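Topology and contacts: notes
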Amino acid sequence: MLHTFARIFSSLFFIGLSAALYAQDANLLSGMDYRSVGPLRGGRVTTVTGIADQPNVFYMGSSGGGVWKTTDYGQSWNNVSDGYFSSPSTGAVRAAASNPDIVYVGTGSDGLRSNVIAGRGVYKSTNAGESWEFVGLKNAGQIGAVEIDPSNPDRAFVAAIGNAFAPNEERGVFRTTDGGANWQKVLFHSDTVGAVDLEFKPDDAQVLYATLWRAERKPWTIISGSTEGGIYKSTDGGDTWEKKTEGLPSNLIGKIDLAVSADDPNRVYALVEAPVGEGGVYRSDDAGESFALVSTKKELLDRPFYYCNIDANPKDADIIFGIATRFFRSDNGGEDWTQLSTPHGDNHDLWINPNDTSVWIQSNDGGANVTLNSGESWSTQFNQPTAELYQVDVDDQFIYWLYAGQQDNYSTIAVPSLPPYGVQAGSNSYIINTGGCETGPAVPKPGDPNIVYANCKGRFGVYDKRTGQEMQYYVGASNMYGHNPKDLKFRFQRVSPIHVSPHNPEVVYHTSQYVHKTTDEGKTWEVISPDLTAFTPETQVISGSPITRDITGEEFYSTIYDIRESSLEAGVIWTGANDGPVYVTRNGGEEWTNVTPEGLSGGGRVETVEPSPHTAGKAYFATYRYLMGDFKPYIYKTEDYGQSWTLLTDGTNGIPADIPTRVIREDPERAGLLYAGTDNGVYISFDDGQKWQHFQQNLPVTPITDMKVHDNDLVMSTMGRGFWILDNLAPARALTAEVASQDVVLFPTNEAYRMHYSETDSATIPMYPTAGLVIDYYLANEAEEVQIEIRDADQQLVRQFSSTSPAGEATDKSRDMSTEYTSLDYQTVLPDGSGGHRVIWDLRYAGPWHDEVSRRGSGGPLVVPGTYEVKITANGSTDTQTAEVKADPRSMEAISAEDLTAQQDLSLKVRDLLSDVRKLEYALSMREGELDSLMDSGSAKKSMQRELTSIREALEKVSTSEGRYMTPMLADQTSYLYYMLGQADQRPGQDAYERYEALLQQYDGLQSDNSEYVGSW
């Protein structure tokens, strides 16, 4: 079957040919699709909501994967924000009570982790999430709450925390009265104190409560709280506000979340971050005029910058919920608490249906989950492709796997690029643990993918997939939690890198502020560098101030963040630190040189260093500085070992000036072909970074945390949408001015492997494409007809396709009970429009003949390994490429090339027999129909009655009778044999040959007896 990928390579190869064409990025790169390979295990969800009168409908807003909707109580989720939102980070989502088709979303999560993604304003839908429009507040940064007037959906309020990394004016409480067309800042304190929560008084929408919070994230600490901030109340719809202080902490006050219940409109709960003894749950019974402290349970304020959430039951004001690392419930207004179980820890939000308070949706770092019985059981989180991945590594086995640390997962994970074997429980069965923990990385050992070098917050381990055990070899073997980093011997950041030398798989590098080297898989370590960071004393502090201490290693500053050894020169090693410096050694670590570019001072996380795979002394690095309030892109290139640098991202040459850059990779096949990963997706350069194109295609807007080029594929990890693969980079590598001038172009092909697995469609996650040869072609103009011919080494025609073939779709997806085979039959038409196109030849001959046109030609035998010619003809022009078809190397451990040839030869014979049988069956059936019509009209001759009897006797031998479990006759028996021959790579058994001869003999007898009908069809 030939499988078409929509919109592939439209006008692709004019890229890089002129500055004018670079401006047409939307047209130049339309269609080259990525595919998600999962995992289908949820990531962090920061906000949830539902609809009271539609208890099956819920929304969740993830921290890096956008907004999702379920209409079946969480059994399945669909993204509704892709293509509309410019930020995938969600702070708040609410549907209007008076018109649930109206939904507001404030972007920018209020959980201010060091990897928090900046928000970019407010979006609104008027059709229940089918489409969205941007409605302002682009610079509001992180948005903690959105509340909609219960009776007027045009009147809404937003609590804007503001820029998480620097002072800004667009923070505080904003109000719209015209559905978002205009916003008025109605509560503002200062450029460092923003609003984090809002609530209406349940019985009076003119009364509102708001909380203000001093919050700022720095690379080395989190500031949460000050003497400013607190609880504010308005009684005139937000026109004026009054700070409420009675009963509340009078000095330091931090993040505050509010809860109200319609059961008692005058009761207000506040979960308040404050010093020990003052922080906890406060309750007001007079509509916020005064408060009393009712609980100081410390677990409720576990890491308040990240959690600090409280909710109340809409029908019982005494029932409240505390949401933090654990999930708690109180049935007596906060005096006593019990812990409830959720599918995942690190909890963030809760929405309770006001009509049926046993129906909730709750969110955490594992996704969103729905309960219909007040938390006794929950819907699954293994249906949400929103994993936050810190990096990607790839092994060298066939089929290759992708590895990463997944945020808040107990282990690093790996998933396959294609199905490696069959599983009963679906693609989630492929997710495997690979040692370490959430932070990663997980780096498979070259040559032995069973061994994985893994990290867990600076702790090095060696994981063996065969045993599931991980040997631990921590450098320094000292617990770093709780320390001031200046007192540590080794400062390991949570995602401390691991790198295997490209010259010797026994050499492994691991980094703190130093480079550590092992040649015995971690049993012994050698320090081969001095401190390669800036190490500024003022940044070596205990993280978390002025209220809550928070030292998890995430904020350890002055650590090495990436390390790579040149693949061209052993001993040339580059490092980049999370406080700015770039170093290089040319002698394996004996001497190091600080080569940080001039002008790039004052910090910045060097996320990626990339030695060129083509030129010695050439390297790139990507830095992002948004943690310091600088959102500019920074990608640099050197060609002289760092003596001089060129900035490749000035904000005007393709990557926007406000898009931070995380990753830079050079294509290993084509020098100067660069791929960049940024906070809003992928960019590509064909001229070594002089100009960039947005290479987003169908990829959702989400940060790209890492990229690798492997087996001609571009492999990526994201902070919120899992792993993605762009298959077959060969056409991009082939783009030249000469190519661009041609009318018809057939791009070079990659080698193709004969494989047996079940493909999935483009809407399925993971997406597994048709196994076969990717064919990319370009038409300068629309063609009257496009033809592709595939010939073997003897120039014998193997397969032919055309743009004028009859169109068809998959016609039979049911399982055949007699063979246990599910067939998918296609008749694909080649695209003939101008631009670029991609199709996949499934490495099969044409299939057996079928009376249904749409089912003809598909499902033929697999070709044997070898060299094939692919030729395209269109608009009077032709182009030709050779293609290499290879056997699945896993199969060739047990069989030979001769076995495959024998399988092909017999399969072709049985195919031809099946075609002949079907044609005879069709001819007999057609003649039977003609005779039946004559009989019905009364114009049939007596001889025709005898002929009809003879035909029916023949058909009884060819066609299986209608009914349940009827005896299969010749057509079905031949189809059964044909099916048997194609299910695996093998030499046919003796029974197959004998059965073929028996079926052929039956056909020959029938054909001889009914020769007058052969060919009559």
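Residues numbered from 1 in each chain as written. Predicted model: local features only at pLDDT ≥ 70, side-chain atom pairs only at ≥ 80, totals over all residues. Heavy atoms only, no water.

What follows is about the overall build of the protein chain. Helix and strand counts for the protein chain come out as eight helices and 68 strands. Rg of the C-alpha trace for the protein chain: 33 Å, near the compact-globule value of 31 Å for 1017 residues, within the 12% margin. Considering only C-alpha atoms, the protein chain reaches an extent of 110 × 75 × 55 Å along its principal axes. Put simply, the protein chain has 1017 residues, and 61% of those count as buried. Long-range contacts, defined here as pairs at least 24 residues apart, represent 57% of the contacts in the protein chain between residues at least 6 apart. The protein chain carries 81 positive and 138 negative side-chain charges, and their two centres are separated by 2 Å. (Helix = DSSP H or I, 4+ residues; strand = E, 2+ residues; numbered from the N terminus. Rg over C-alpha atoms; globule rule 2.2 N^0.38 Å. Buried < 20%, exposed > 50% of the residue type's maximum accessible area, 1.4 Å probe, protein only. Contact = heavy atoms within 4.5 Å. Lys, Arg positive; Asp, Glu negative; His and termini not counted. Charge placed at Lys NZ, Arg CZ, Asp CG, Glu CD.)

Let's shift gears to empty space enclosed by the protein. Scanning all chains against the criterion turns up seven cavities of 30 Å³ or more. There is about 80 Å³ of room inside the largest cavity. Around the largest cavity sit Ser-86, Ser-87, Pro-88, Ile-117, Ala-118, Arg-120, Phe-631, Ile-659, Pro-660, Asp-679 and Asn-680, which together line it. (1 Å grid on protein atoms, 1.4 Å probe; cavity = no way out; pocket = protein on both sides within 12 Å on 5 of 7 lines; lining within 4 Å. Points joined across faces, edges and corners; volume = space filled by probe spheres on them.)

Our focus in this paragraph is the sheet that holds strand β10 (residues 133-134). Read across the open sheet, the four strands follow the order β7-β8-β9-β10; overall the sheet is antiparallel. The sheet is open, and its two edges are formed by β7 (90-95) and β10, each paired on a single side. For strand β8 (residues 103-107) and strand β9 (residues 122-125), the ladder comprises four bridges, and the chain directions are antiparallel. In the strand pairing of β9, Tyr-104 is matched with Lys-124. (Pairing = 2+ DSSP bridges.)

If you trace the four strands from one edge of the open sheet to the other, you get β3-β4-β5-β6, paired in antiparallel fashion. Only two strands of the sheet have a single neighbouring strand rather than two, namely β3 (45-51) and β6 (78-79). Note that strand β5 (residues 67-70) and β6 share two bridges and pair antiparallel. Across the sheet, Trp-68 pairs through a bridge with Asn-79, a residue of β6.

This brings us to the nonpolar core. Among the nonpolar cores identified, the biggest contains 28 residues, and Ile-775, Tyr-777, Ile-788, Ile-790 and Trp-841 are the most heavily contacted of them. For this core, the secondary-structure elements that each account for two or more residues are β59 (744-746), β61 (773-779), β62 (786-791), β63 (797-802), β66 (835-841), β67 (866-874) and β68 (877-886). When sequence neighbours within four positions are dropped, the list of residues in contact with Ile-775 reads Leu-746, Ile-788, Ile-790, His-837, Arg-838, Val-839, Trp-841 and Val-870. With 26 residues, the next largest nonpolar core counts Leu-913, Ile-951, Val-958 and Leu-999 among its residues. (Core = buried A, V, L, I, M, F, W, Y, C linked by side-chain atoms within 4.5 Å.)

With that settled, consider the pattern of salt bridges. Per the stated rule, a full pass over the model turns up 53 salt bridges. Salt-bridge contacts for Glu-554 lead to Arg-113; the nearest nitrogen and oxygen are separated by 3.3 Å. Taken together, the residues span a long stretch of sequence, with Glu-554 in the loop between β43 (545-546) and β44 (560-565) and Arg-113 in the loop between β8 and β9 at a distance of 441 residues. Per residue, the accessibility class of Glu-554 equals that of Arg-113, and both read buried. With a closest N to O distance of 3.3 Å, Lys-457 and Glu-438 form a salt bridge. One end of the pair, Lys-457, is in the loop between β36 (448-456) and β37 (459-464); the other, Glu-438, is in the loop between β34 (432-433) and β35 (442-445), with 19 residues separating them in the sequence. (Salt bridge = Lys/Arg side-chain N within 4 Å of Asp/Glu carboxyl O.)

At a closest axis distance of 11 Å, the pairing of helix α7 (residues 970-981) and helix α8 (residues 990-1009) adopts a crossing angle of 150°. Comparing their axes, α8 and α7 come out roughly antiparallel. Pair α7 / α8 crosses with left-handed handedness. Within the contact between the two elements, α7 uses Leu-970, Gln-973, Thr-974, Leu-977, Met-980 and Leu-981 and α8 uses Ala-992, Arg-995, Tyr-996, Leu-999, Gln-1002, Tyr-1003 and Leu-1006. A breakdown of the residues in the contact of α7 with α8 according to their chemical character gives nine nonpolar, three polar and one charged. (Axes fitted to C-alpha atoms, helices over the stretch in contact; angles between N-to-C directions. Parallel < 35°, antiparallel > 145°, perpendicular 65-115°, else oblique. Left-handed = near helix turned anticlockwise from the far one by under 90°. Nonpolar A, V, L, I, M, F, W, Y, C, P; charged D, E, K, R; others polar.)

Looking now at the packing of aromatic side chains. The full count for this structure, using the stated rule, is 28 aromatic pairs. Between Phe-327 and Trp-360, the aromatic rings sit 6.4 Å apart at their centres with planes inclined by 75°, giving edge-to-face as the arrangement. Of the two residues, Phe-327 sits in strand β26 (residues 327-330) while Trp-360 sits in strand β29 (residues 360-364), which places them 33 residues apart along the sequence. With a relative accessible area of 1%, Trp-360 lands in the buried category. Look at Trp-841 and Tyr-868: their rings are 5.8 Å apart centre to centre, the planes differ by 65°, and that puts the pair in the edge-to-face class. Separated by 27 residues along the polypeptide, Trp-841 in strand β66 and Tyr-868 in strand β67 bring together distant segments of the chain. For the pair Trp-841 and Tyr-868, one class covers both residues: buried. Over the face of the ring belonging to Phe-188 we find Lys-185, whose NZ or CZ atom lies 4.0 Å from the ring centre. Looking at Arg-586, its charged tip hangs above the ring of Tyr-641, at a distance of 3.5 Å from the centre. (Phe/Tyr/Trp six-rings, centres within 6.5 Å; stacked < 30°, edge-to-face > 60°. Lys NZ or Arg CZ within 6 Å of the ring centre and 35° of its normal.)

Below, the discussion takes up the environment of Asp-550. Tracing the backbone shows Asp-550 in the loop between β43 and β44. Classification of Asp-550 as buried rests on a relative accessible area of 5%. Considered as a pair, Asp-550 and Glu-598 are 48 residues apart in the sequence and their alpha carbons are 34 Å apart. Discounting residues that sit within four places of it in the chain, Asp-550 has contacts with Ile-222, Arg-303, Phe-305, Ser-543, Gly-544 and Glu-555. Within the structure, the side chain of Asp-550 is placed 2.7 Å from the side chain of Arg-303, a separation counted as a polar contact. (Polar contact = N/O pair within 3.5 Å; in protein donor to acceptor, adjacent residues only side chain to side chain.)

Here strand β17 (residues 221-224) shows a buried face lined by Thr-221 and Ile-223 and a second buried face lined by Ile-222 and Ser-224. Pairing between strand β16 (residues 204-218) and β17: four bridges, direction antiparallel. Across the sheet, Arg-217 pairs through a bridge with Ile-222, a residue of β17. Taken together, the two bridges between β17 and β43 define a ladder with parallel strand orientation. Of the residues in β43, the one forming a bridge with Ile-223 is Ser-545.

Attention now moves to the packing of helix α5 (residues 897-937) against α8. Working note: a packed helix pair is described by the angle between its axes plus the distance between those axes. It is the contact of α5 with α8, at a shortest axis distance of 11 Å, that shows an interaxial angle of 25°. One finds that α5 runs roughly parallel with respect to α8. Judged by the twist between their axes, the crossing of α5 over α8 is left-handed. Counted together, Ala-902, Leu-906, Lys-909, Val-910, Leu-913, Asp-916, Val-917 and Leu-920 of α5 and Ala-992, Tyr-993, Tyr-996, Leu-999, Leu-1000, Tyr-1003, Leu-1006 and Gln-1007 of α8 form the full contact between these two elements.

This next bit is on the side chain of Ser-81. Within the element layout of this structure, Ser-81 appears in the loop between β6 and β7. Apart from residues lying up to four places away in sequence, Ser-81 is in contact with Gly-66, Val-67 and Trp-132.

Moving on, we get to the confidence of the model for the protein chain. Residue-level pLDDT values for the protein chain average 93, and 94% of them are 70 or greater. Low pLDDT, under 50, characterises residues 3-29; the stretch is placed with 93 contacts to residues that sit more than four places away or in other chains. (pLDDT = per-residue confidence, 0-100.)

Along the chain, Phe-398 connects to Ile-399 via a cis peptide bond; the corresponding omega equals 5°. In this structure, Phe-535 takes a positive phi of about 45° despite not being glycine. Checked against the element boundaries, Phe-535 lands in the loop between β42 (526-527) and β43. Of note in the backbone geometry, Gln-795 takes a positive phi value of approximately 65° without being a glycine. Along the polypeptide, Gln-795 turns up in the loop between β62 and β63.

This paragraph deals with the environment of Asp-331. Assignment of secondary structure puts Asp-331 in the loop between β26 and β27 (338-340). Sequence-wise, Asp-331 and Leu-797 are 466 residues apart; in three dimensions their C-alpha atoms are separated by 77 Å. Once residues within four sequence positions are removed from consideration, Asp-331 is found in contact with Asp-318, Ile-319 and Asp-336. Among the polar contacts made by the side chain of Asp-331, one reaches the side chain of Arg-329 at a distance of 2.7 Å.

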